[in-house]
Amino acid sequence: MNIAILDGYVDEPACLGVPPYISPLVRYVAGGVKDSNKDFTYLTIDEYRKNSDKVKQMMGSEVLILVAGAAVPGKYLRGMPVSSKEIREISEKFDGLKISGGAKARFGLDNFEGFDYVAKKDLDASVYDFFTEKVFSNRNRTIDEWNKWSVKGAEIVKYHPDFPQPLVAEVETMRGCVRYFTGGCSFCIEPLHGKPLFRDVDDIVKEVKVLNSTGVVNFRLTQSCFFSYKAIGIGETETPTPNPDEIKKLLSGIKNAAPNLKVLHVDNANPAVISEHPVESEKIMKILVEYCTPGNVLALGMESADPAVIRANNLNATP
Ligand code: SF4
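Caption draft 1: Representation of the pattern of salt bridges in the model. Enumeration over the complete set of coordinates arrives at 25 salt bridges. One salt bridge connects lysine 93 with glutamate 89, and the closest N-O pair in it is separated by 3.5 Å. Here glutamate 89 and lysine 93 lie together in helix H4 (residues 84–93), a separation of four residues that amounts to about one turn. For glutamate 89, a relative accessible area of 27% translates into the label partly exposed. One salt bridge connects aspartate 110 with lysine 104, and the closest N-O pair in it is separated by 4.0 Å. Overlapping salt bridges, with partners in common, bring together Arg106, Asp122, Asp124, Arg141 and Arg175 in one network.

Caption draft 2: Broad picture of the sheet that holds strand S12 (residues 218–222). Spatial ordering of the open sheet is given by S4-S9-S12-S13, a layout of four strands whose pairing is parallel. Each edge of the open sheet is held by one strand with a lone partner, namely strand S4 (21–22) and strand S13 (263–266). The pairing of strand S9 (residues 168–172) with S12 spans four bridges and is classified as parallel. Note that in S12 the partner of glutamate 170 across the bridge is arginine 220.

Caption draft 3: Quick look at the site of the ligand. The immediate surroundings of the ligand are formed by Cys177, Arg179, Gly184, Cys185, Phe187, Cys188, Glu190, Pro191 and Ser224. Classifying every residue of the shell around the ligand by side-chain character gives five nonpolar, two polar and two charged.

Caption draft 4: Representation of the pairing of strand S6 (residues 63–67). Of all five residues in S6, five are buried; the element is thus mostly enclosed. Both faces of S6 are covered, namely the face carrying Val63, Ile65 and Val67 and the face carrying Leu64 and Leu66. Bridge count for strand S1 (residues 3–7) against S6 is five bridges, and the pairing is parallel. Paired with aspartate 7 across the strands is valine 67, a residue of S6. When S6 meets strand S7 (residues 97–101), the two strands line up parallel, connected through five bridges. Across the sheet, leucine 66 pairs through a bridge with serine 100, a residue of S7. With H4 bridging S6 and the parallel S7, this β-α-β connection has right-handed handedness.

Caption draft 5: Representation of the domain arrangement of the chain. Considered domain by domain, the chain is made up of domain 1 (3–133) and domain 2 (164–312). Distance from the C-alpha centre of domain 1 to the C-alpha centre of domain 2: 25 Å. In this structure, the connection of domain 1 to domain 2 is made through two salt bridges. Glutamate 207 is the salt-bridge partner of arginine 27, the closest N and O atoms lying 2.8 Å from each other. Of all the elements in the fold, those that place two or more residues in the side of domain 1 that touches domain 2 are strand S3 (15–16), S4, helix H1 (24–35) and helix H5 (103–106). Top element by residues in the side of domain 1 that touches domain 2 is H1. It accounts for three residues.

Caption draft 6: The sheet that holds S7, seen in detail. Pairing in this open sheet of five strands is parallel, and the strands run S5-S1-S6-S7-S8 from one edge to the other. This sheet does not close on itself; its edge strands, each paired only once, are strand S5 (41–44) and strand S8 (117–118). Two elements, S1 and S5, share four bridges in a ladder whose sense is parallel. Bridging across to S5, leucine 6 finds its partner in leucine 43.

What counts and what doesn't
- Residues numbered from 1 in each chain as written.
- Predicted model: local features only at pLDDT ≥ 70, side-chain atom pairs only at ≥ 80, totals over all residues.
- Heavy atoms only, no water.
- Salt bridge = Lys/Arg side-chain N within 4 Å of Asp/Glu carboxyl O.
- Helix = DSSP H or I, 4+ residues; strand = E, 2+ residues; numbered from the N terminus.
- Buried < 20%, exposed > 50% of the residue type's maximum accessible area, 1.4 Å probe, protein only.
- Pairing = 2+ DSSP bridges.
- Near = heavy atom within 4 Å.
- Nonpolar A, V, L, I, M, F, W, Y, C, P; charged D, E, K, R; others polar.
- Right-handed = clockwise from strand over helix to strand, strands pointing away.
- Domains from an automatic or database assignment.

What follows is the structure, given as structure tokens:
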């Protein structure tokens, strides 16, 4: 069976997959396909637009899996996530079985009419169930599948046009937001994942090691709040106590696993967590300076300084 994975990119609050980044989701989908003993070809939506030879190959495939993550309105400088018009066009032009998933499908942010199956939860889990059980399920991946598919699908990076440079692999440390039980910020999809789920240090390090041995040298750790990784008091408070020991284990483990890495950055930190826990946060800042590479930016997500806007949208922090 010929299976084509078309990467329509991911641009979400806690995950980026627009070039030069490659999202974890597309790698998990590849992992789910591999785990069902099938192979795949891969192309990005930009390669589709250029009508490269890969498009002919895609059109001749029996199954198309379109990864369609959420996109942020605005101007993209390089890659541009798949548009509504392109989703329609792909559905009309491709004759084989059409599957899609990612936040656009999951949260009904676009119209996937013409697709045979649309994953309402994790696309990788649906795809795996479909190829192994012939049932298109709607479920989340288990933590074991998360770790397994992140490793099995790592080889997909080799087919990305930005591989090996300047490709940056986003690597997930967690899913969800510590503010989930208050609904979180009104615009954000992260709280919809429910109670945050953390991956263990060893599993993250293993994924980085495999990606690095495949040729990836640039990494960014992605999560809703880096300072909340394995924090203490999740579910009891919106500002759990950061855990510098786990963070040190994580970053030092990554440095050891990928000694030739060129970029190690992190995404996102919750300013309220930092301001409520200055002692632990200072320790983490020092760990970041010690292990990460220059150009590292902690996105603090201070959306507005207007108290009315902050209140109306249940935002996270005040000036
Ligand atoms: S703090 Fe707000 S923006 Fe950040 S992940 Fe949580 S809900 Fe989303």
